[in-house]
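Okay, here's what each chain looks like letter by letter:
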Amino acid sequence: MKLATWNVNSLKVRLPQVLDWLAANPVDALCLQELKLDQDKFPLQAFTDIGYHADWAGQKTYNGVAILSKVAGTEIVKNIPGFEDHQQRVIATTLPYGESTIRVISAYCPNGQSLDSDKYQYKLGWYAAFKAWLAEEIKQHERVAVLGDYNVAPADEDVHDPAKWVGQVLVSEPEREAFRELINLGLTDSFRLFEQAPKSFSWWDYRMNGFKRNAGVRIDHVLLSKVLVPHCTACIIDKAPRANEQPSDHTPVVATLV
DNA sequence: ATGGTGGGGAACCCA
């Protein structure tokens, strides 16, 4: 089974690239973030045409998440239950996995803007609610895969120039602690299960030739619950789409489970 | 040096 995540930064603009990518990378599930389109503007037909089901939580202008899957999911949940949030950042589904099932979650964690911003406080509060909900999800579903844009680079090795990033969002200690708290629920950053090239990143700023200089950060992750870890045989960042014309600023991350 | 690029949507907000 292959699971992937991709922050597409507008599904409207990136739809042809997503279709191309799926044709070349026929994953079982693709989690999308930053759809940036209203619920009724989702291009469902384009995905059904290529054999994918879709569940999504859209909103006008910002945010929005989806899960494309070869098999229709069940127990769809949108948003974090009990957490008042006008921003569409979470969707969950249950998919078949061998003789059992796997809970797959697509998450677009808040960016936070800057450490002195209200959005940073929102981010930390959001993470607390996300953690509490994930704890419940892990209780109810032994096999859980949480994919998405976490907007946190967990360690300095996930940052092109850690010294330049001191004091910025994505790397601050409270954010990293919030991410570690997810890990402490019994989740594993599947990318670090394997030997990886140094300077492996999933996001590069559009500005200042970020991608050409490999001035990126690794903020898109595939987290796996304990029982899934021995089943994970690979986790890779596919840099190819970032080199497309009109690319998203993020690139896909793909985990393989057996 | 507080820029720069890109998406949304129609002046700025967000990343």
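Thresholds applied
Residues numbered from 1 in each chain as written. Chains lettered and ligands numbered in written order. Predicted model: local features only at pLDDT ≥ 70, side-chain atom pairs only at ≥ 80, totals over all residues. Heavy atoms only, no water. Helix = DSSP H or I, 4+ residues; strand = E, 2+ residues; numbered from the N terminus. Expected span 1.5 Å × (residues − 1). Bend = angle between axes of the 7 residues up to and from the residue. Buried < 20%, exposed > 50% of the residue type's maximum accessible area, 1.4 Å probe, protein only. Contact = heavy atoms within 4.5 Å. Near = heavy atom within 4 Å. Polar contact = N/O pair within 3.5 Å; in protein donor to acceptor, adjacent residues only side chain to side chain. Core = buried A, V, L, I, M, F, W, Y, C linked by side-chain atoms within 4.5 Å. Pairing = 2+ DSSP bridges. Axes fitted to C-alpha atoms, helices over the stretch in contact; angles between N-to-C directions. UniProt positions renumbered as here; feature names shortened; annotations may be inferred. Parallel < 35°, antiparallel > 145°, perpendicular 65-115°, else oblique. Nonpolar A, V, L, I, M, F, W, Y, C, P; charged D, E, K, R; others polar.

**Thoughts on helix H1 (residues 11-24)**
- With 14 residues, H1 extends 18 Å between its outermost C-alpha atoms, agreeing within 8% with the 20 Å of an ideal straight helix rising 1.5 Å per residue.
- The largest bend in H1 amounts to roughly 30° and is located at Gln-17.
- Three or more residues of H1 are buried, namely Leu-11, Arg-14, Leu-15, Gln-17, Val-18, Trp-21 and Leu-22.
- Along its buried surface, H1 packs onto strand E1 (2-7), strand E2 (29-33), helix H2 (44-48), strand E4 (65-69) and strand E14 (253-257).

**Focus: the protein's contact with DNA strand B**
- Taken together, 15 residues surround DNA strand B, and among them Ser-10, Arg-14, Thr-61, Lys-119 and Arg-207 come closest.
- Among the atoms of DNA strand B close to the protein, meaning within 4 Å, 67% are from sugar or phosphate groups.
- Within the side chain of Thr-61, an N or O atom sits 3.1 Å from a phosphate oxygen of DNA strand B.
- Between a base oxygen of DNA strand B and a side-chain N or O atom of Tyr-62, the distance comes to 3.1 Å.

**A few points about the nonpolar core**
- With 24 residues, the main nonpolar core has Leu-3, Ile-102, Val-104, Leu-147, Leu-224 and Leu-257 as its most contacted residues.
- Broken down by secondary-structure element, the contributors of at least two residues to this core are E2, E4, strand E6 (90-97), strand E7 (100-108), strand E8 (144-149), strand E12 (220-225), strand E13 (232-237) and E14.

**Brief notes about the sheet that holds E8**
- A sheet is described by the order of its strands in space; here six strands give the open sequence E5-E6-E7-E8-E12-E9, paired in mixed fashion. Edge strands, defined here as strands with exactly one partner in the open sheet, are strand E5 (74-78) and strand E9 (187-189). Adjacent strand axes in the sheet meet at a mean angle of 20°, parallel and antiparallel pairs treated alike.
- Strand direction decides the pairing type here: E7 and E8, joined by six bridges, are parallel.

**Points about the UniProt feature "site: Interaction with DNA substrate" (unreviewed entry) in chain A**
- The sites that carry the UniProt feature "site: Interaction with DNA substrate" (unreviewed entry) are, in the present numbering, His-250.
- Along the chain, His-250 falls in the loop between E13 and E14.
- When neighbours within four sequence positions are excluded, His-250 is seen to be in contact with Trp-6, Asn-7, Asp-149, Ser-202, Trp-203, Ile-219, Asp-220 and Arg-242.

**Quick word on the packing of helix H3 (residues 118-140) against helix H5 (residues 173-183)**
- Relative orientation of the contacting elements H3 and H5 amounts to 10°, with a least axis distance of 9 Å. Judged by the angle between their axes, H3 and H5 are roughly parallel. Counted together, Tyr-120, Lys-123, Leu-124, Tyr-127, Phe-130, Lys-131 and Leu-134 of H3 and Pro-174, Glu-175, Ala-178, Phe-179, Glu-181 and Leu-182 of H5 form the full contact between these two elements.
- Here the residues of the contact of H3 with H5 are counted per class, giving nine nonpolar, no polar and four charged.

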